[in-house]
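The primary structure of each chain is shown beneath.
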Amino acid sequence: MALDFERPLLELEAKIDELKRFTNEKGIDFSGEIVMLENKAKDMKADIYSNLSPWQKVQIARHPARPNTLDFINALFTDFMELHGDRLYGDDPAVLGGIARYKGTSVTVIGHLKGHDTKENVTRNFGMAHPEGFRKALRLMTQAEKFKRPVICFIDTSGAYCGMGAEERGQGEAIARNLMVMSALRIPIVSIVIGEGGSGGALALGVANKVLMQEHAIFSVSSPEAAASILWKDGTKAKEAAEALKLTAQDLMRLGVIDEIIPEPLGGAHSDLESTYNKVDHYLERNLKSLIEQDVDELVQARYEKFRAMGQTG
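Calculation criteria
- Residues numbered from 1 in each chain as written.
- Predicted model: local features only at pLDDT ≥ 70, side-chain atom pairs only at ≥ 80, totals over all residues.
- Heavy atoms only, no water.
- Helix = DSSP H or I, 4+ residues; strand = E, 2+ residues; numbered from the N terminus.
- Rg over C-alpha atoms; globule rule 2.2 N^0.38 Å.
- Buried < 20%, exposed > 50% of the residue type's maximum accessible area, 1.4 Å probe, protein only.
- Contact = heavy atoms within 4.5 Å.
- Areas by Shrake-Rupley, 256 points an atom, 1.4 Å probe, with all protein chains shown as cover.
- Lys, Arg positive; Asp, Glu negative; His and termini not counted.
- Charge placed at Lys NZ, Arg CZ, Asp CG, Glu CD.
- Polar contact = N/O pair within 3.5 Å; in protein donor to acceptor, adjacent residues only side chain to side chain.
- Axes fitted to C-alpha atoms, helices over the stretch in contact; angles between N-to-C directions.
- Parallel < 35°, antiparallel > 145°, perpendicular 65-115°, else oblique.
- Nonpolar A, V, L, I, M, F, W, Y, C, P; charged D, E, K, R; others polar.
- Core = buried A, V, L, I, M, F, W, Y, C linked by side-chain atoms within 4.5 Å.
- Expected span 1.5 Å × (residues − 1).
- Pairing = 2+ DSSP bridges.

Visitor: Tell me about the overall build of the protein, residues and numbers included.
Guide: Within the protein, the secondary structure is distributed over 14 helices and eight strands. Taken over C-alpha atoms, the radius of gyration comes to 21 Å for the protein, in line with the 20 Å a tight globule of 314 residues would show. Along the first, second and third principal axes, the C-alpha set of the protein runs to 70 × 50 × 45 Å. Taking all 314 residues of the protein together, the buried fraction comes to 49%. Long-range contacts, defined here as pairs at least 24 residues apart, represent 71% of the contacts in the protein between residues at least 6 apart. A total of about 15,300 Å² of accessible surface is found on the protein, and carbon and sulfur atoms cover 53% of it. Charge-centre separation for the protein: the mean point of 38 positive side chains lies 4 Å from the mean point of 45 negative side chains.

Visitor: Please set out the side chain of S191 residue by residue, giving values where relevant.
Guide: Here S191 is to be found in strand β5 (residues 189–198). For S191, the side chain forms a polar contact with the main-chain oxygen of L205, separated by 2.6 Å. If we skip the residues at most four places from it in the chain, S191 touches C153, I155, L205, G206, A208, K210, V211 and L212.

Visitor: An account of the packing of helix α4 (residues 69–76) against helix α13 (residues 273–292) is requested, with residue identities and associated values reported.
Guide: For the pair α4 and α13, the least separation of the axes is 10 Å and the interaxial angle reads 75°. Compared by their axis directions, α4 and α13 come out roughly perpendicular. For the pair formed by α4 and α13, the contact residues are D71, F72, A75 and L76 on the first element and T276, Y277, V280 and D281 on the second. When grouped by side-chain class, the residues that make up the contact of α4 with α13 number five nonpolar, one polar and two charged.

Visitor: Tell me what's going on with unusual backbone geometry, and back it up with residues and numbers.
Guide: Among all residues save glycine, negative phi is the norm, and among peptide bonds the norm is trans. In the Ramachandran plot, D79 falls in the positive-phi region, its phi being about 55° despite a non-glycine side chain. If you trace the backbone, D79 turns up in strand β1 (residues 78–82). At K233, a position not held by glycine, the phi torsion is positive, near 55°. The class of K233 is exposed, set by a relative accessible area of 70%.

Visitor: Tell me what's going on with the nonpolar core, and back it up with residues and numbers.
Guide: In terms of nonpolar packing, the biggest core is built from 33 residues, with I110, M141, V151, M213 and F219 touching the most fellow members. Listing elements by their share of this core, those giving two or more residues are α6 (131–146), β4 (151–157), α8 (171–182), β5, β6 (210–214) and α12 (249–254). With five residues, α6 is the largest single contributor of residues to this core. Apart from residues lying up to four places away in sequence, M213 is in contact with V193, I218, F219, L247, T248, A249, L252, I258, E260, I261 and I262. Grouped together as the second largest cluster of nonpolar side chains are 24 residues, L76, F154, I194 and L288 included.

Visitor: Describe in detail α6, supporting the description with residues and values.
Guide: An ideal rise of 1.5 Å per residue puts 22 Å on 16 residues; α6 measures up with 23 Å between its terminal C-alpha atoms. Counting buried positions along α6 yields twelve of 16 residues, so the element is predominantly enclosed. Taken as a whole, α6 has its buried residues at P131, E132, G133, F134, R135, K136, A137, L138, R139, L140, M141 and A144. Buried residues along α6 sit against β2 (95–102), β3 (105–112), β4, α7 (164–168), α8 and α9 (199–203). Where α6 terminates, the next one or two residues include K148, which has phi positive at roughly 60°.

Visitor: Describe the pairing of β6, naming the residues involved and giving the relevant values.
Guide: Counting buried positions along β6 yields four of five residues, so the element is predominantly enclosed. Relative to β6, β5 is paired through four bridges, and the arrangement is parallel. Each bridged residue has a counterpart across the sheet, and for V190 the counterpart in β6 is K210. Of the strand pairs in this sheet, β6 and strand β8 (residues 260–262) are connected by three bridges, and their pairing is parallel. Looking at the pairing, L212 lines up with E260 of β8.

Shape is all these values report; function is a separate question.
This is how it looks when you write it as structure tokens:
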């Protein structure tokens, strides 16, 4: 899927492919022109991705080819065993969770799960969890505490599902309970924003010792469209809302909301999956190792102080 701001680059790359094809078919040497256009495309790509607006980052964060929670689990973990259900109502396919091994360490892995196409997204409710999804996540986290397993969360949702059934089953309470319990869990918690981090649905997996964020992911109190509807009663002003929300990784790093930014390949996480997995793996391994080495009481206190300090000014 081509994003609007990428079209000039894609047109140039198509022209390069056409020249290469013409060279192969006709035997005419266009190597000089091809090299010149390839250098131009390289410069154009670097310029585009070094000057992205917040709204353009929103588009990249939502790209259907962007690796999701299941992709990261398959790439970074071994012996993954999915666990289902909240033991209260049912199972929520919008939240994936289970136990696995990471570099030989037993861990609990939980994340929102979007699909890569319409069929998958419908099955997973576009990664928007119901209360039973958050309660399943909480069940797995308390189980992890019992067996002293670190918890790794992948955040990728536009927000919690706000349908009538979800509200009737206590959506707000489920999110609030996750925030409360996560704040006091006596195990290391690392949360990684890999795409969209929207509203309470993201926060329900986000009370961690370390909150990491991919370079072009977003994390905010509301989706730009919802914020525009609330602030200006006009959902078409999502681009302006994206600017106002300070939802980019760079903004959130300056504000002290996240701890580290994980670089992405030029072109976004979906453009080079191997590089993306390697970078996330590097940051996750380093942060998890440092947390495992900490005293448990210090771990809980540091998490408490981290979130208490947010919003303060020097």
